[in-house]
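This is what each chain is made of:
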Amino acid sequence: MTETTTITWAAASARRLQRQFLARRARTGTPVADVAAAMLGVHAQVLSAAELSVGLRADGVTRTDVRDALWPTAPLAPPAPAPVPVPVPTLVKTHGPRGTVHLLPARDLPLWCAALPATPAGTAAFPTDVRLTEEQAGQVVAAIADALDGAFLTIDELGEEVVARTGPWAGDLVMPAFQTMWPRWRQVLHRAGQCGALSFGPNRGRRVTYTRPPHFTPLPPEEASRLLVRRYLYAYGPATPQHFARWLAAPPGWARAQYAELAAAGEIEEVRFEGAPAWVTAGDTDFPDAPERDELLRGVRLLPYFDAYVVAAQPRELLFPGAAYRRALAGGQAGNFPVLLVDGVAAGVWHQRRRGRRTTVTVEPLARLTARQERELADCTERVGAVLEAAAELVIGEVTVGAHA
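All values reported here derive from a predicted model rather than from experimental measurement.

Peer 1: Hey, could you run me through the sheet that holds strand S9 (residues 268–273) in this one?
Peer 2: Each strand in a sheet pairs with another by means of backbone hydrogen bonds, the pair being arranged parallel or else antiparallel. With respect to topology, three strands assemble into an open sheet ordered S1-S9-S10, the strand pairing being mixed. Among the strands making up the open sheet, the edge pair consists of strand S1 (6–7) and strand S10 (276–281). For S9 and S10, the ladder comprises six bridges, and the chain directions are antiparallel. Among the inter-strand pairings, Glu269 is bridged to a residue of S10, identified as Val280.

Written out as structure tokens, the structure is:
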């Protein structure tokens, strides 16, 4: 019987930071899709936060680079009559893990759009008379895919197309939402995103548009689910089935079954992580030792709303120790506050307020920073400004803005 590998929190954190491009930023010229892939998706409910998540991990990347990857500008027509190549996005803004909006590498859509629909859903959010049947849901998703193929439509324009392709029942105003009622078909908008029928287009003025991502062939669902577990463990392991379930918003029992199948097949292996069993991908048991570990951990970092690292890295009480658990989390939920990391753990919160071409970054540390850490924080603030294409000013003081809803 082989001895089980023992891994400390510090060693796991150092490797996670390294694999997330948080210990050392990706070199100039690294495609933004590579950064998004390393993160296993970039939470993008607030697009500026997603732009920061990517830009803070890669040298020279700004919000323009992220938007160009999402919605590349069509090239000028050549002088000679010839087909004009259609630029293909390398990033796609769509519904990802937990049904929330993410930036996903276009090349990974065959994985995501097979694994996410195969993940069991929770309890239905609407009463029976409001819900779509499975047959109706399938019709709506197919109608969305057809309507958005080669088009950029607002939500109202898309609704008209869906009703025209399905029937009046799809447009029944039965869903309570923000002091109004939404049509029945919108309850599967996230499902359309997760299966590759829908993605976000560039805004038309202040209005959101939708389009269809590049066509692809999904992986077999079971293969995709197993691959997603292995990808998660590579990025954020060691991790338990409960950690994976929490990240994906999946039933814990289903996650345990996935781990058991992979363990039986020899694709993942058990380790001891802070005295408890956890798992890594098979053979992936090399973790940095001191002094490399300490070098990877050392430093000040600013992570924006719902950054993938603070959402996915577990156990959460070790990432948010002591006062950080109370100040930087909202009822135990990560991501609602932008986080100041000091030497690999949450050590404060921050907020940025933009006015024209300037932005003020207010940072509230939970303990006094050293002179070196204040210099590093100033550098981080300058980088925030560079990503957002604004001149940044650092203010160290209390953050009065509440949790992001």
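Peer 1: Honestly, the packing of helix H10 (residues 241–248) against helix H11 (residues 252–264) in this entry has me stumped. Any pointers?
Peer 2: Packed helices, taken two at a time, are described by their axes: the angle between them and the distance between them. Contact geometry for H10 and H11: axes closest at 8 Å, N-to-C directions at 125°. By the criterion of interaxial angle, the relationship of H10 to H11 is oblique. The handedness of the crossing between H10 and H11 comes out as right-handed. Residues Pro241, Gln242, Phe244, Ala245 and Leu248 of H10 touch H11, and the partners they reach there are Pro252, Trp254, Ala255, Arg256 and Tyr259. Its residues placed into classes, the contact of H10 with H11 shows eight nonpolar, one polar and one charged.

Peer 1: Please clarify how the nonpolar core should be interpreted in this entry.
Peer 2: Across soluble globular proteins, nonpolar side chains have a tendency to be buried as a group. Within the largest apolar cluster, 73 residues are counted, with the highest numbers of intra-cluster contacts made by Leu158, Tyr232 and Phe244. For Phe244, the contacting residues outside a window of four places in its chain are Leu228, Val229, Tyr232, Trp254, Ala255 and Tyr259. Core analysis: the next-biggest nonpolar cluster, separate from the first, contains 34 residues, Phe287, Tyr305, Leu329 and Ala334 among them.

Conventions and cut-offs
Each chain carries its own residue numbering, running from 1 in the direction its sequence is written. Only residues with pLDDT of at least 70 get local features here, since the model is predicted, and only at 80 or more are side-chain atom pairs given and counted; chain-wide, interface and lining totals rely on the full set of residues. As a convention, hydrogens and water are excluded, and side-chain values are obtained from all of the structure's heavy atoms. Pairs of strands are assigned from DSSP output, requiring at least two bridges between the strands. Note on conventions: DSSP H or I runs of at least 4 residues are helices, E runs of at least 2 residues are strands, and numbering of each starts at the N terminus. Axis definition: a line fit to C-alpha positions, over the contact stretch in the case of helices; interaxial angles, taken between N-to-C directions, run 0 to 180 degrees. The scheme is simple: roughly parallel for angles under 35 degrees, roughly antiparallel for over 145, roughly perpendicular for 65 to 115, oblique for anything else. Put simply, a crossing is left-handed when the front helix is turned counterclockwise from the back one by less than a right angle, and right-handed when it is turned clockwise. Working rule for contacts: check all heavy atoms of both residues, and any pair within 4.5 Å makes them a contact. The residue classification treats Ala, Val, Leu, Ile, Met, Phe, Trp, Tyr, Cys and Pro as nonpolar and Asp, Glu, Lys and Arg as charged. All others, Gly included, are polar. Here the nonpolar core consists of buried residues drawn from Ala, Val, Leu, Ile, Met, Phe, Trp, Tyr and Cys, with membership extended through side-chain atoms lying within 4.5 Å. Relative accessibility under 20% of the residue-type maximum defines a buried residue, over 50% an exposed one, and the middle range a partly exposed one, all with a 1.4 Å probe and only protein chains included.

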